[in-house]
Amino acid sequence: MSKKAKTTSAASVEAKKEKPTPAFLREDYPYKAVGEAITDLDSLTPTGVLYEIKCPKCEMSIRTQGVNIKPTYERMMNGIKVKNDDGSERVEGGQGCIGCGNRELIVKKVDMSRMAEVEAARAKKAK
């Protein structure tokens, strides 16, 4: 087998490999969204708490602090008026999920209780 044939063969094997599963979709991921879906966005803690907007249809997930969740959710569901250069207005967003258009998005709190444990393990591994 020539050197070129070996390279082509190796490249085709690598191309057939599946992409790795993202960390946040793995079962052992420590920062899972937990509890019941939150329907009253005014009840969210604005700082120090992480929340997730998730689409149950396509698994799209957006995570951010409480202060940003309500505006992000509203922009996705209702859109936001934006001025064009010519002074006219248009609406951006408002289509639901940015991945598939589903309008049944779920907001949940993210469990960060294992954060210290994970950071200690990373620090130990880095040494």
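Notes on the pattern of salt bridges
Counted under the stated rule, the structure contains 4 salt bridges. One salt bridge connects Asp-42 with Lys-70, and the closest N-O pair in it is separated by 2.3 Å. Of this pair, Asp-42 sits in the loop between strand 1 (33-34) and strand 2 (50-54) while Lys-70 is found in helix 2 (residues 66-78), placing the two residues 28 residues apart along the sequence. Judged by its relative accessible area of 60%, Asp-42 falls in the exposed class. We classify Lys-70 as partly exposed; its relative accessible area is 27%. Note that Arg-63 and Glu-52 form a salt bridge whose closest N and O atoms lie 3.1 Å from each other. With Arg-63 in strand 3 (residues 61-65) and Glu-52 in strand 2, this residue pair connects regions lying 11 residues apart in the sequence. For Glu-52, a relative accessible area of 5% translates into the label buried.

A closer look at the pairing of strand 2
Where strand 2 lies against strand 3, 5 bridges are found, and the strand directions are antiparallel. Paired with Lys-54 across the strands is Ser-61, a residue of strand 3.

Parameters and conventions
Counting restarts for each chain, with residues numbered from 1 along the sequence as it is written. Thresholds applied to this predicted model are a pLDDT of at least 70 for local features of residues and 80 or more for the giving and counting of side-chain atom pairs; totals over whole chains, interfaces and linings are not thresholded and use all residues. Each side-chain value is worked out from all heavy atoms of the structure, with water and hydrogens disregarded. By definition here, a salt bridge exists when the distance from a side-chain nitrogen of Lys or Arg to a carboxyl oxygen of Asp or Glu is within 4 Å. Where helices and strands are cited, they refer to DSSP runs of H or I of at least four residues and of E of at least two residues respectively, numbered from the N terminus. The rule is simple: take the accessible area with a 1.4 Å probe, protein chains only, and divide by the maximum for that residue type; under 20% is buried, over 50% is exposed, in between is partly exposed. The pairing criterion is simple: DSSP has to find at least two bridges between the two strands.

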